[in-house]
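One letter stands for each residue in the lines below.
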Amino acid sequence: MSGPGRTGSSEWPVTGALLLLLLVANGALGPVLQGTAWWWLMAFVTAAVILGLAGLRRLGLPDSLAPAAGFGIVLATVTLLFGAGSGLLWLIPTLDTVDRFRVFVDAGLESIQRQGTPADPIPGILLLLCVGAGVIAIMVHLLAITLRVPALAGLPALVPVAVPGLIIEGGADTLALVLTAAAFLLLLRVEVQVRRTREVENPPVGPGAPRVLGPARRHGPGPLWGSTVVGSIGIVGALLLSVATPAVPGGGFAGTGGQVGSLLFGRGVTPLINLGQDLRRPESSPALHYRTNATVPPYLKLLTLDNFVGSTWMARIEPTDPRGDLEAIDPPQGLSAAVVTSETTTQIVIDGLVTGWLPTPFAPTNVTGLQGEWYWDAPTSTIASTTTITRGQSYTVTALQLAPTAEQLRAAGSRYPASIRRSLALPRNRPALIDETARRVTAGSISPYDSAVALQDYLRGNEFTYDTDAPVEKGYDGGGVDIVGKFLEVKRGYCVHFASAMAVMARSIGIPARLAIGYLPGSRSTSYIEGRDRFNVDAHDLHAWPELYFNGIGWVAFEPTPGRGTVPAYTRPTDSQVPVGGEIGGLPSTAPRDADQAGQNVPGGLGAADSSTGDDALTRTVSAALAALVLLLILPAVARMLRRQRRRRRVGAGPGAAAWAWDELVDTAVDHGVRVRDTETPRELAARLEVLPGLVLAGEEDAVGALRRLLVAAERQRFGRPGTDQHGEVAAGLVRDLDAVIRAIHAGARGPARIRALVLPASLRMPARAARNETVPADA
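Note that the structure is predicted; figures quoted are calculated from it, not measured.

Caption draft 1: Region of interest: the sheet that holds strand β10 (residues 375–377). Spatial ordering of the open sheet is given by β8-β11-β10, a layout of three strands whose pairing is antiparallel. Two strands lie at the open edges of the sheet, namely β8 (357–358) and β10, each paired on one side alone. Two elements, β10 and strand β11 (residues 382–384), share three bridges in a ladder whose sense is antiparallel. Bridge pairing links D377 to T382 in β11.

Structure follows, in C-alpha cells:
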C-alpha cells in the first residue's frame, strides 16, 4: 500500500473519471459564453489541479495538505496564463502579477454586470472562470479522493451545469445535464470497481479479518444498478430544478423586479440580445411613467455602448467618478452656443424597472429627488450608481432640447478630438459587406452629415423589414459586426440590428458613432398630472438607436428603425445639399475610409488598435495555455529522468547502493509494462524478468548475469546484517549492471511500450521508493 489513505496506482482510474466529469460539466457553460477558448483554458486549469494533486500524492503528499497544494497549483496556472511573464519563473506571482490580476478581476466583474448571453469572454472573465474551475476541481478531488465519498463529488460539478439554468430561459441545457450525469455514473462505477479490485489484491491482514476471495455473482441489484438509480434521480431532479427555478430577477443591468420576466438585460447584460427577448414577450409590464413640458415627448436613455470587445458592442469599462454632481451637470460635449436649445423639465416615476442606470432625457443638466448615490458619466452621457437601484425612485430631470439645423450639421467637418476618435474603432475582421454597403449608400454625399442621413434613409427604405422573430429563427440575433453583416444580407430585424448597422457603417466611413439603449417615449395616457399629459412606458418600449458625433453640436441621435420612434427633424429633407469649405464630393478628404486608419494617430493606442486588444489578449492567453500544455505533457518524462539520475548518483555514492539500484530496476520494469505486486519478493520478480525478450536475447553473460548480481546485492542488503553497504568498485559495478539490465528491458519491449515508458512512465503512479536497509526475515 502507499500509506494511510492511499490507494496506489488504483487512484488513477478514479482520477481520470473525475477529470472527465469536470471537463463535461464545464462545457455546460457553452450557451452563456461565446467561442470555445474559455473551455480550453478551464480544461487546462482543471487538468493541472486534478493531475497535479494525483502526482503529488504519489510522491507522498499528506492528505491534509492536498487542498493547500491545489490552491497553489491554481495560483501557478493562472499566473502562467494571465501574468504576462510578471511571475517568477512564470509561475510564482509577484506584486506586479497581483496588480495585473486586480485589474483583470475588476474588468471581469464589470463586464459580467454589463454583458449578457452569450457573453464575450474578455480576459477578466477568463481569469474568473479559470479560478472557479480550479476551486471546483479542488473540492471534487477532496470529496472523491481524499475523503473517498465520490457520490458527493457531483455536487460541486453541478455548479457550471446549473449556471445557464439561472441565466437563460428554459432552464439548464438538457444535453449538458445528461452528459454530466453519464460522466458522474462512470465515476461511481469506476470507484466501485477499483474498490473491489483493491480488496481482492490487498486483503485485510489478521487471523480474524474478513477475506475477499473474488467477485461473487449477485442475485439482485448491484453497484451498477445503484449508480444508475442515483444518476437517474440526479438527471430528473436537475431538470425539474432548472425548469422550476426562475431566472435571477433584477440582476446585472435592468430588471423589473420580476414583473417583466428576464427584463432588459436582466441577468447581466448584452443589452442587445436581452432587449430583443423582452420585445418578443407577448405580455409586458409597466417600467415607468412620466410627465414633461417638452414639445416632443423625449426618448429616455439608459446606457451607451461605445466599445467593441472582440466583435460585440460593449459599454466602455472605465473607472467611475462618484463625485459627478447631478445638480450641476456640464453641457453636452462639443455643443456650441450657435445651436438653438430649450430647457425642458421631466418628472419620472419608476414603476417596475430595476437597474443601476437611470433613465433620463438626452442632455440632462440637473437631477433632483433621487435616493441613494448616483453619478454623472460625461463620456457616455449617462447616470449610474454602483450602490443604488432605480426601484421606487421618483425624480425630476431638467434637460436641454437641442435643435441643430442641417446647415450646422453639414458644416461640422471631420476633425475630431482624440476622446471622440476612439469611437471610430471597428474589429479588423468584420465582414466586407459592411464597408461595401456603406460606401455604396453614401456615394455622392458631400459631408459626414449627408452620409449619415443617407445611411438612415437606406435602412428605413423598402428593402428592410422590422421583424423581432427572424433574427432568432435564422441565428443572427444581437448586434456584433458579424451579425450586422448577416443582417445586411437578410434585411430583416429589429431596432438592435438597425441601430447597430447604422453605427457600424458610420464608423467604417469615418463618422464617430455609438449605440444608445433606453426607452421610446411611450404611450399618452388619458389621465393628467397637474395639467400635463402622463406618458406610460413599458418593456415593449425598449429601444436601441445610434448616436453620431458632429463638431459644434456633439452627439446627435438618429432613427434608422422603420416603424419605431420618430425621425429627427434635422434629418428630414428640407434643405438642399451645399458644399462646405474644401469638401468635394463623397466624404471630405480628411475623413478616413477605414476606421483602422482612423485610429492610427490616436494617442494611447485608441482607435482600431483598441478594438483588437481583447482579441490579441485572448490569442496570447490561448498560446500560453498551449505552451503550458506541451510543458505539462513533458513533465512526466522530466520527473522520471530526474528520479533516475538521483538514484544513479546514490548507487555510485555507496550507502544503500543495492536498494537504490533495485528500486530503479523495479520502476524501469513497471514503466515497460511489467506488473509488480507489493507482496512479490525480489527473487520472484527476478525470475520473471529473466524471461523477458530483451534479457533472453542478451544472454547470461550480459543482462541476465547483471540481473543476478543486482539480486544478490539487494538480498544481501535487505536480509543481511546492518552495515553491509557496497562501496567503491562494488558500487560502480552495480551502476554498470543496472545500466545493462535497463538497456535489455528497453530493447526487448515493443514500440508502444517504449513510448509509454518515456512519455508516461507508469512508475510515477507509484509511491516513491526509499532505500531499505532494515533487516527482515528471509523467505523460505
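And the narrative resumes.
Caption draft 2: Spatial organisation of the sheet that holds strand β3 (residues 300–305). On the basis of which strands lie adjacent, the open sheet formed by four strands has the order β3-β15-β18-β19 and antiparallel pairing. A strand with exactly one partner marks an edge of an open sheet, and here the two such strands are β3 and β19 (554–557). Each strand of the sheet is rotated relative to its neighbour by a mean of 35°, with strand direction disregarded. Pairing of strand β18 (residues 542–550) with β19 involves four bridges; the strand directions are antiparallel. Paired with Y549 across the strands is W555, a residue of β19. Strand contacts of helix α16 (residues 495–508): β15 (513–519) and β18, with the helix running at about 15° to β18, the strand carrying the most contacts.

Caption draft 3: Here's a closer look at the environment of S284. Structurally, the position occupied by S284 is in the loop between α9 (271–279) and β2 (286–292). S284 sits in the partly exposed class, given a relative accessible area of 29%.

Caption draft 4: Spotlight on the pattern of salt bridges. Summed over the entire model, instances satisfying the criterion amount to 19 salt bridges. Of the charged contacts in the structure, one is a salt bridge between E547 and R514, with a shortest N-O distance of 2.8 Å. With a gap of 33 residues between them, E547 in strand β18 and R514 in strand β15 connect regions that are remote in the sequence. With its nearest N and O atoms 3.0 Å apart, the salt bridge here joins R708 to E690. Of this pair, R708 sits in helix α23 (residues 700–719) while E690 is found in the loop between α21 (682–689) and α22 (693–698), placing the two residues 18 residues apart along the sequence. What you see here is one network of salt bridges that share partners, running through R640, R643, R644, R647, E664, D667 and D671.

Caption draft 5: Spotlight on the packing of aromatic side chains. Summed over the entire model, instances satisfying the criterion amount to 14 aromatic pairs. Measuring from centroid to centroid gives 4.3 Å for F308 and W313, while their planes differ by 35°, and the two rings are tilted. As far as the burial class goes, F308 and W313 line up, both buried. Taken together, a centroid distance of 5.0 Å and an interplanar angle of 75° make the contact between F487 and F498 edge-to-face. Separated by eleven residues along the polypeptide, F487 in helix α15 (residues 481–490) and F498 in helix α16 bring together distant segments of the chain. Exposure class is identical for F487 and F498. Each is buried. Here a set of aromatic residues connected by ring pairs shows up, and it is made of Y449, F550, F558 and Y570. Above the face of the W555 ring, R514 is positioned so that its terminal group lies 4.1 Å from the ring centre. Residue placement shows R650 over the ring face of W660; its charged tip is 4.4 Å from the ring centre.

Thresholds, definitions, all that
- Residues numbered from 1 in each chain as written.
- Predicted model: local features only at pLDDT ≥ 70, side-chain atom pairs only at ≥ 80, totals over all residues.
- Heavy atoms only, no water.
- Pairing = 2+ DSSP bridges.
- Helix = DSSP H or I, 4+ residues; strand = E, 2+ residues; numbered from the N terminus.
- Axes fitted to C-alpha atoms, helices over the stretch in contact; angles between N-to-C directions.
- Contact = heavy atoms within 4.5 Å.
- Buried < 20%, exposed > 50% of the residue type's maximum accessible area, 1.4 Å probe, protein only.
- Salt bridge = Lys/Arg side-chain N within 4 Å of Asp/Glu carboxyl O.
- Phe/Tyr/Trp six-rings, centres within 6.5 Å; stacked < 30°, edge-to-face > 60°.
- Lys NZ or Arg CZ within 6 Å of the ring centre and 35° of its normal.

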